[in-house]
Amino acid sequence: MTLDDVTAVSVLEQKLFPIDAWPLQMFLDELAQPDTRRYLVAESADGIVGYAGLMCIDPIADVQTIAVVPDYEGRGIGSTLLTALIDEARRRYAADLLLEVRADNPRAQRLYLRFGFEQIHVRPRYYRDGVDALIMRLQLIGDEETREGGQR
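Model, not experiment: these values are computed from the prediction. (Residues numbered from 1 in each chain as written. Predicted model: local features only at pLDDT ≥ 70, side-chain atom pairs only at ≥ 80, totals over all residues. Heavy atoms only, no water.)

A.B. asks: Which residues make up the overall build of the chain, and what values do they have?
C.D. replies: When helices and strands are tallied, the chain shows five helices and six strands. Put simply, the chain runs from its N terminus to its C terminus through helices and strands in the order α-α-β-β-β-α-β-α-β-β-α. The C-alpha atoms of the chain give 16 Å as radius of gyration, which agrees with the globular expectation for 152 residues (15 Å, within 12%). Each of the three principal axes of the chain carries a C-alpha extent, and together these read 50 × 30 × 30 Å. Taken across its 152 residues, the chain has 40% of its residues classed as buried. Sequence-distant contacts in the chain: of pairs separated by 6 or more residues, those separated by 24 or more amount to 55%. Mean positive and mean negative side-chain charge positions of the chain (17 and 25 charges, respectively) differ by 3 Å. (Helix = DSSP H or I, 4+ residues; strand = E, 2+ residues; numbered from the N terminus. Rg over C-alpha atoms; globule rule 2.2 N^0.38 Å. Buried < 20%, exposed > 50% of the residue type's maximum accessible area, 1.4 Å probe, protein only. Contact = heavy atoms within 4.5 Å. Lys, Arg positive; Asp, Glu negative; His and termini not counted. Charge placed at Lys NZ, Arg CZ, Asp CG, Glu CD.)

A.B. asks: Please provide a residue-by-residue account of the packing of helix H3 (residues 77-91) against helix H4 (residues 106-114), values included.
C.D. replies: Between H3 and H4, the shortest axis-to-axis distance is 11 Å and the interhelical angle comes to 50°. Considered as vectors, H3 and H4 are oriented oblique to each other. In this structure, H3 meets H4 at a crossing whose hand is right-handed. Between H3, through Gly78, Ser79 and Leu82, and H4, the contact on the second element is made entirely by Leu111, Tyr112 and Arg114. (Axes fitted to C-alpha atoms, helices over the stretch in contact; angles between N-to-C directions. Parallel < 35°, antiparallel > 145°, perpendicular 65-115°, else oblique. Left-handed = near helix turned anticlockwise from the far one by under 90°.)

A.B. asks: Explain the pattern of salt bridges to me, and be specific about the residues and the numbers.
C.D. replies: Scanning the model with the defined rule gives nine salt bridges in all. Where Glu100 meets Arg123, a salt bridge forms, and the shortest distance between an N and an O atom there is 2.9 Å. Of this pair, Glu100 sits in strand S4 (residues 96-102) while Arg123 sits in strand S5 (residues 118-123); the two residues are 23 residues apart in sequence, bridging distant segments of the chain. Taking the relative accessible area as the measure of exposure, Glu100 reaches 24% and is therefore partly exposed. Looking at Arg123, the relative accessible area reads 34%, which means it is partly exposed. Note that Arg102 is salt-bridged to Asp104, the shortest N-O span being 2.9 Å. Note on Asp104: relative accessible area 46%, which makes it partly exposed. Residues participating in the shared-partner salt-bridge network are Asp20, Arg102, Asp104 and Asp129. (Salt bridge = Lys/Arg side-chain N within 4 Å of Asp/Glu carboxyl O.)

Geometric descriptors of this kind do not, in isolation, establish any biological role.
Pasting the structure below:
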């Protein structure tokens, strides 16, 4: 994602998340922090059809946002964006990747479960409309790696 993408992403954000949409300035603020942030867009002939963002402050990375235009769901765009965020978190040596997902969004929950995320907590009434957030974690440094590191 570049500064040139922010207006289009913000328009999508308002359409996709009318209750909890980030203001345009939040995207600008996030892009202004490249040392700890990474934002991506997915494009088609129709323009931007998906976007995602990561914050990484060692040793934790956090999926800040991920979205795909409904007409483009089921085409692997969300999986591609999530894979890129996971790769970026690993590149930045994060031990864990966290995210919040709406309790009433089973499609997104299934995506995260497929990638190995596990639910570790619930934040009651996290979203503006009172829906709970499920906190999910993907361990990037597994027990096996930790044990091997401790034995050397």
